[in-house]
Amino acid sequence: MDKIKLKVLGISYSQTQTGAYALILAEDNGERRIPIIIGGFEAQAIAIELEGLKPPRPLTHDLFVNFADAYSINIIDVTINRLEEGIFYSEITCDNGNSRIKIDARTSDSIALALRFKCPIYTTPAVMEKAGIELETEKNDDREAGVSKTTLSREEQKEKYAQKTLEDLKKMLNEAIEKENYELASELRDEINQREKE
């Protein structure tokens, strides 16, 4: 079966469902995008890994990775293989060194695990045909193209934290991680990285 390789482009607030997020997957060698509506917990699990944040205690997907490592199980790939009535279905290909099996899983969980195992994400041509959209104005203005940004511009971020020292920001980052406020932690980490570059 032919497969289309995907990459995680990002997560934004859903403009259609309150309290939900849109996970945007992009065709690796193409212009099409697949938006998938996911819940807040799942969005957090994906965002944490995308941002390289380390929670003080393992979250559910991290626990799965630890469990898999303990029993020498590896995830080979994730495939979004069906789209029925607006619901995406996925399967995870696992290998323990002796056998390879496919496990049915929610797409949001599959992506969270794929990021942690650093394995490829695929979809089928049929799913891409049904759900893929091409955003012509994406490079110029993501807002006009229907992708809402949740991050502050550099100028807004600089102004917001102008009164804080680098040490203040690092302390705030640790507190945000302890309180599991990963959206704030991501924003603070970006500000710290910018300050250290300047």
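Residues numbered from 1 in each chain as written. Predicted model: local features only at pLDDT ≥ 70, side-chain atom pairs only at ≥ 80, totals over all residues. Heavy atoms only, no water.

Caption draft 1: View of unusual backbone geometry. Positive phi values are uncommon outside glycine, yet Ser72 reaches one of about 55 degrees. Examined against the element boundaries, Ser72 turns out to sit in the loop between α2 (60–70) and β4 (74–84). The exposure class assigned to Ser72 is exposed, which follows from its relative accessible area of 53%. With a phi angle near 50 degrees, Glu85 is a residue other than glycine that sits in the positive phi range. If you trace the backbone, Glu85 turns up in the loop between β4 and β5 (87–95). (Helix = DSSP H or I, 4+ residues; strand = E, 2+ residues; numbered from the N terminus. Buried < 20%, exposed > 50% of the residue type's maximum accessible area, 1.4 Å probe, protein only.)

Caption draft 2: Representation of the side chain of His61 within the structure. Relative to the helices and strands, His61 resides in helix α2. Not counting residues within four places of it along the chain, the set of residues in contact with His61 comprises Phe41, Ala45, Asp109, Ala112, Leu113 and Arg116. (Contact = heavy atoms within 4.5 Å.)

Caption draft 3: Structural context of the nonpolar core. Core analysis: the largest hydrophobic core is formed by 33 residues, its most contacted members being Leu23, Leu25, Ile34, Ile36, Ile75, Phe88 and Ile111. Sorting elements by how many residues they give to this core places helix α3 (residues 107–117) first, with 6 residues. Excluding its chain neighbours within four sequence positions, the residues that come into contact with Ile75 are Phe64, Ile92, Thr93, Cys94, Leu113, Phe117 and Cys119. (Core = buried A, V, L, I, M, F, W, Y, C linked by side-chain atoms within 4.5 Å.)

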